[in-house]
Amino acid sequence: MNIALRNKKKCMLVIDRNSFGTKFRKGKFLLLLFLPCLIYLIFFVYVPMWGVSISFKDYKIYEGFLASPWVGFKYFIMFFQSPDALILIRNTFLLGFYTLLFGFPAPIIFALALNEVRNRKIKGLVQNVSTLPYFISQVVVMGMVLNFLSPVDGIINRLINFLGGETVNFMMISGWFRSIYVISDIWQNLGWGAIIYIAALSNVDVQLYDAAVIDGCNKMQKIWHIDIPSITPTIITLLLINVGKLFTGGNVYGGGGFEKVLLLYNPTIYETADIIYTYVYRQGLSLGNYSYSTAVNLFQNVVNLVLLVSFNKLSRRYSETSLY
Amino acid sequence: MKKLVALILAVMMVLVLFSGCATKSADKGGESTAATTAKATETTAAPEAPKTVSIMVGSGPSWPFQEDWYILKKIKEKTGITLNVNAVTDPNFNDKVSITLASGDVPDLIYLDAPTAQKFGQQGALVNIFDIEKDMPNYLKWKNADKNNILPFLTSDGKLYNFSANEIGETNRMGWLYRKDVFDANKLQVPTNDEELYNVLKQLKQIYPDTYPLTFRGGVSRIPLIASSWGAGNNGLSALYGPTKPPYFYDASSDSWKYSPIEQGYKNLLTYLNKLYKEKLIAPDIISLDTKTWQDRMSGNQIFITMDYIVRIDYFNVPLRKINPVFTLAYMPPFKGGELGSAKKTNTASNYAGNTITAKAKNMQNAIQLMDWMFSDEGKETVSWGAEGETYTMVDGKRKMTDMADVTELRKKTGISTLGMYTRFDFGVHINLFSPELAAAANEDPKYDQEAVIPGVFTAAEQEIVATKGAAIQKLTDEMVAKFVVGQRNLSEWDKYVQEVKALGLDDMLGIYKASHERLKNVK
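Residues numbered from 1 in each chain as written. Chains lettered and ligands numbered in written order. Predicted model: local features only at pLDDT ≥ 70, side-chain atom pairs only at ≥ 80, totals over all residues. Heavy atoms only, no water.

Looking only at helices and strands, chain A features 17 helices and 0 strands. For chain A, the spread of C-alpha atoms along the three principal axes comes to 70 × 65 × 30 Å. The proportion of buried residues among the 324 residues of chain A is 42%. Here the analysis covers contacts within chain A between residues at least 6 apart in sequence; of these, 65% occur between residues at least 24 apart. Element-wise, carbon and sulfur atoms account for 69% of the exposed surface of chain A, whose accessible area totals about 18,500 Å². Each charge class in chain A was averaged separately, 27 positive and 16 negative side chains, and the resulting centres sit 12 Å apart. (Helix = DSSP H or I, 4+ residues; strand = E, 2+ residues; numbered from the N terminus. Buried < 20%, exposed > 50% of the residue type's maximum accessible area, 1.4 Å probe, protein only. Contact = heavy atoms within 4.5 Å. Areas by Shrake-Rupley, 256 points an atom, 1.4 Å probe, with all protein chains shown as cover. Lys, Arg positive; Asp, Glu negative; His and termini not counted. Charge placed at Lys NZ, Arg CZ, Asp CG, Glu CD.)

Laid out in structure tokens, this is it:
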């Protein structure tokens, strides 16, 4: 492994010594393959990015974002002066943090466990069933969650009553919101998130297991010494990507996010459930304050960018794996 | 060299692939505009050539737009104008409008709610109706008949962008509805005050222990409307307009603006609701109840009193009578709430929207002609009733709609009373299609209307206060009202809550309501 790594580094050095022209000539077909992506990125990602300029402008839709007058940091100051700002920041951060803390390792554990299942049919079945919730529309899944938790005829409260407990009005108690969010998120994304780890695990050399058995390893030791080290780069890469979304409020493995909060919350639990995105939604779409909501959103994305860059740096220093 | 040529060719192919898509879509757009402009120029050359007007409207799922709607044929027959309808099914209609306006390729007419129209109008996207009214004799006649026709639609600088379509607002009437069959079967009386209501609910709960007899959807947004019978101001506008019209109200006795959720009457109501909540007379999930669940419980005989649109009477009665022939949801007059209350309630019969003409309209003259026709008596008659022998027949001197079960079917089949297809409107056509219970409700509800005082439209600076202080106040109120109802906050903390609301800048909010109201008063 180390030798391979060293070779790789050597290769890179060799290429680095070449002039730009040589590099270009050598990689021209690869670059050609990349061209459609570049065009896509330019038109659909980089050009629209100029739209964030409206957060520094008094945006008037008919004049367009170029002609609208500049107002500087007015909307940012407005946000930080609003009494909601601190609560929103806290809620967004905590929701993202808990989702990452519990939601991120769940598919890893699931993939490791599934890897130990030897019966192919059962393995396939379990994987399919666990992946299914990801493909159901967010609106439907959240409707199901609300139904399950209903204090009137929800299945969970029926179970609690059956076991002799008191009915819990889950969606009215702010203390429950984050747990409900995180648990439902794990349920939704468990199978989908595990796919990439399962793929990584299937690439592990069988000889390593055989050698481990000869050395007298049990199952747990095999997982600890073979499985986990071989998927560590995958874990770190995905962790970094997800840290970059920490401050969006509960968003790992491409699931969750603000629609979920919007579908779940109600005024009684604003205290924990109101996050920056829902605030932006109410300001931008319900009240039509485009500049203000863009400014709030931009602030959120800057925080995310800082998180991503700094964690990437840390990771490069301590683990050899990084996004760039 | 060969390789270089190959490379260039490959790059070009990729580019052509991309630009290919682009030109195609551009061509499509160009075709339609070219067609409309061509038609428009023809009009000026030869008057008998077909005139067109393009219109952008929202389209509901229960009455999807049809090219061959009767109303479109009828408008063409009467005015010679062909309407090109762009029916947007996207629920985020206003976003679509933003994009369309920004693109520059705009329709002639757009059906917009008033706040949106005022916003776009002030940015120059829409025509100020005062600038074109001189060419609109029918409109002028209607406008001069009653100043109140246009007042709610005026902007802070005295401009007007919406052609008011207020009359169809009758369909937005909201009130108390109760299960008459269940009341009759148990010999219960319709309550006239909160005490009586409480006793009725108690009895219902005793007879049907698994039910929550009084339950409504919409959570805290419905409470201001109920509060209007509790002496907490005429503030139900918020129930109708959502977050853009929070429960601020004008108190004539003190000539000042007030915020309903800190009034004593509001506190009385919350105390009452909290009592009902504790005794399980209203559903434990009242704050988070969605429409679907509410509907299920309504049809599953789990709710006996609710607060909703009165047109919902037929929505439930008609299908449910197929299963349960005695099922009768009927209108319940508002009851006197607490010591301060009265048996009156907010009048929600308004429709704060209407057609607008865009500043860049390609068929401006046609659009003006069409809108003016809609304000004529003939226009009102046609867009409401259609024509005798076509949509209705005369039976014993009364009109009877042909082949039409209800209003939804009327909309679906003919396009009558769908968005944008009316301005003045005879609500009689809807009543004509109502069941006897609903028709009675539609006639009775106006008796309990409180007079509404409408604030003016805010200036940009005032709008900013609404966006920050107003939004913070609204959020705190929603949260605390919910907590008071479900008992997570004790009502003994009421004074503290009032202070919290005031600390968020309530005086500033009341100030801008007063200012906007003053501006409106000064309109000649």
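What follows continues from the structure just given.
Helix and strand counts for chain B come out as 21 helices and 14 strands. Counting all 524 residues of chain B, 55% fall into the buried class. Long-range contacts, defined as pairs at least 24 residues apart, comprise 74% of the intrachain contacts of chain B with a sequence gap of at least 6. For chain B, the computed accessible surface area is about 22,500 Å², with 55% contributed by carbon and sulfur atoms.

The interface of chain A with chain B comprises 36 residues on the first partner and 41 residues on the second. Of the roughly 3,500 Å² buried between chain A and chain B on both sides combined, carbon and sulfur atoms contribute 65%. Linking chain A to chain B there are 4 salt bridges. Residues Asp-274 of chain A and Lys-475 of chain B are paired through a salt bridge, measuring 2.8 Å at the closest nitrogen-oxygen approach. If you look at where chain A meets chain B, you find 8 residue pairs in polar contact (both at pLDDT 80 or more). (Buried area = accessible area lost by both parts, 1.4 Å probe. Salt bridge = Lys/Arg side-chain N within 4 Å of Asp/Glu carboxyl O. Polar contact = N/O pair within 3.5 Å; in protein donor to acceptor, adjacent residues only side chain to side chain.)

All names here are of chain B. As enumerated under the stated definition, the model contains 50 aromatic pairs over all chains in all. Judged by centre distance (5.1 Å) and plane angle (45 degrees), the rings of Trp-230 and Tyr-272 are tilted. Of this pair, Trp-230 sits in the loop between α9 (223-227) and α10 (237-241) while Tyr-272 sits in helix α11 (residues 264-278), and the two are 42 residues apart along the sequence. On the basis of relative accessibility, which here comes to 2%, the residue Trp-230 falls in the buried class. A relative accessible area of 6% means that Tyr-272 is categorised as buried. (Phe/Tyr/Trp six-rings, centres within 6.5 Å; stacked < 30°, edge-to-face > 60°.)

As a further point, take the sheet that holds strand β1 (residues 51-58) of chain B. All names here are of chain B. Pairing is mixed across the open sheet formed by 5 strands, whose spatial order is β2-β1-β3-β11-β4. Every other strand in the sheet has two partners, leaving β2 (81-88) and β4 (163-164) as the edge strands with one partner each. Direction of pairing for β4 relative to strand β11 (residues 353-357): antiparallel, over a ladder of 2 bridges. Note that in β11 the partner of Phe-163 across the bridge is Asn-355. (Pairing = 2+ DSSP bridges.)

Moving on, we come to unusual backbone geometry. Residues and elements named next belong to chain B. Positive phi outside glycine occurs at Asp-255, with the angle close to 45 degrees. Tracing the sequence through the fold places Asp-255 in the loop between β6 (248-251) and β7 (256-259). In this structure, Lys-280 takes a positive phi of about 60 degrees despite not being glycine. Following the sequence through the fold, Lys-280 ends up in the loop between α11 and α12 (291-299). Accessibility expressed as a relative area gives 47% for Lys-280, which makes it partly exposed.

Here we come to the nonpolar core. Considering soluble globular proteins, one finds that nonpolar side chains tend to be buried as a cluster. Residue and element names in this part refer to chain B. Counting 74 residues, the largest nonpolar core has Leu-83, Tyr-139, Phe-163 and Ile-357 as the members making the most contacts within it. The element best represented in this core is helix α14 (residues 364-375), accounting for 7 residues. Residues in contact with Ile-357, not counting those within four places in the same chain, are Asp-108, Leu-109, Leu-126, Val-127, Ile-132, Phe-163, Met-364, Ala-367, Ile-368 and Met-371. One finds Leu-201, Leu-204, Leu-276 and Ile-286 within the second-largest nonpolar core, a separate group that totals 65 residues. (Core = buried A, V, L, I, M, F, W, Y, C linked by side-chain atoms within 4.5 Å.)

Turning our eyes to something else, we now look at the confidence of the model for chain B. Residue and element names in this part refer to chain B. Averaged over all residues, the pLDDT of chain B is 86; the fraction at 70 or higher stands at 88%. Segment residues 16-46: pLDDT under 50, and 15 contacts once partners within four positions in sequence are set aside and those in other chains are kept. Across the interface, the model reports ipTM at 0.77; the global pTM reads 0.81. (pLDDT = per-residue confidence, 0-100.)

Here the focus is the sheet that holds strand β8 (residues 305-309) of chain B. Residue and element names in this part refer to chain B. A sheet is described by the order of its strands in space; here 3 strands give the open sequence β8-β5-β9, paired in antiparallel fashion. The open sheet has two edge strands with one neighbour each: β8 and β9 (329-332). Strand-to-strand twist across the sheet, computed as the mean angle between neighbouring axes with direction ignored, equals 45 degrees. Relative to β9, strand β5 (residues 174-179) runs antiparallel, the two being bridged by 4 bridges. Residue pairing in the sheet places Tyr-178 in a bridge with Ala-330 of β9. Together, β5, β8 and β9 form the strand contacts of helix α13 (residues 312-320), whose direction differs from that of β9 by roughly 155 degrees. (Axes fitted to C-alpha atoms, helices over the stretch in contact; angles between N-to-C directions.)

Another aspect to go through is helix α18 (residues 436-444) of chain B. Residue and element names in this part refer to chain B. Three or more residues of α18 are buried, namely Leu-438, Ala-439, Ala-441 and Ala-442. Each buried residue of α18 lies within a common arc of 160 degrees when the element is viewed along its axis, so the set occupies one face. In α18, the exposed residues that point more than 90 degrees away from the buried face are Pro-436 and Asn-443. Among the structural elements, α13, β9 and α17 (428-433) are those in contact with the buried residues of α18. (Arc of directions from axis to C-beta.)

A few words on the environment of Pro-107 of chain A. All names here are of chain A. Take Pro-107: it is sitting in helix α7 (residues 105-116). Under the relative-accessibility criterion, Pro-107 is labelled buried at 1%. It is 15 Å that separates the C-alpha atoms of Pro-107 and Ile-241, two residues lying 134 residues apart in sequence. What Pro-107 contacts, discounting residues up to four positions off in sequence, is Asn-189, Leu-190, Gly-193, Ala-194, Tyr-197 and Tyr-253.

This part is about the side chain of Ser-293 of chain A. Residue and element names in this part refer to chain A. As for its placement among the helices and strands, Ser-293 is situated in helix α17 (residues 290-319). Judged by its relative accessible area of 6%, Ser-293 is buried. A distance of 3.2 Å separates a polar side-chain atom of Ser-293 from the backbone oxygen of Tyr-290. Ignoring sequence-local partners within four residues, the contact set of Ser-293 consists of Val-280, Gln-283 and Gly-284.

Right, let's talk about the confidence of the model for chain A for a bit. Detailed reading of predicted coordinates is not advised where the pLDDT is low. Of the residues in chain A, 93% have a pLDDT of 70 or more, and the chain-wide mean is 86. Every residue in residues 1-15 of chain A scores below 50 in pLDDT, and together they form 2 contacts with partners more than four places removed in sequence or on other chains.

With that out of the way, let us pick up the pattern of salt bridges. In total, this model carries 35 salt bridges over all chains according to the counting rule given. Note that Glu-271 of chain A is salt-bridged to Lys-483 of chain B, the shortest N-O span being 2.5 Å. Residue Glu-271 of chain A is located in helix α15 (residues 270-273), and its partner Lys-483 of chain B is located in helix α19 (residues 460-486); the two belong to separate chains. Residue classification places Glu-271 of chain A among the partly exposed positions, given a relative accessible area of 34%.

All right, on to the packing of α13 of chain B against α18 of chain B then. Residues and elements named next belong to chain B. Direction vectors running N to C along α13 and α18 enclose 170 degrees, while the axes themselves pass 9 Å from each other. Viewed along their axes, α13 and α18 adopt a mutual orientation that is roughly antiparallel. Residues Ile-313, Asp-314 and Asn-317 of α13 lie in contact with α18, whose contacting residues are Glu-437, Leu-438 and Ala-441. (Parallel < 35°, antiparallel > 145°, perpendicular 65-115°, else oblique.)

Moving on, we get to helix α6 (residues 137-145) of chain B. For the α-helix, the turn length of 3.6 residues means that residues three or four positions removed from each other point alike. Residues and elements named next belong to chain B. Of all the positions in α6, only Tyr-139, Trp-142 and Lys-143 are classed as buried. The buried residues of α6 occupy one face: seen down the axis, they fall within an arc of 95 degrees. Turned more than 90 degrees off the buried face of α6, the exposed positions are Pro-137, Lys-141, Asn-144 and Ala-145. For α6, the elements touching its buried residues are α5 (129-132), β4 and α14.

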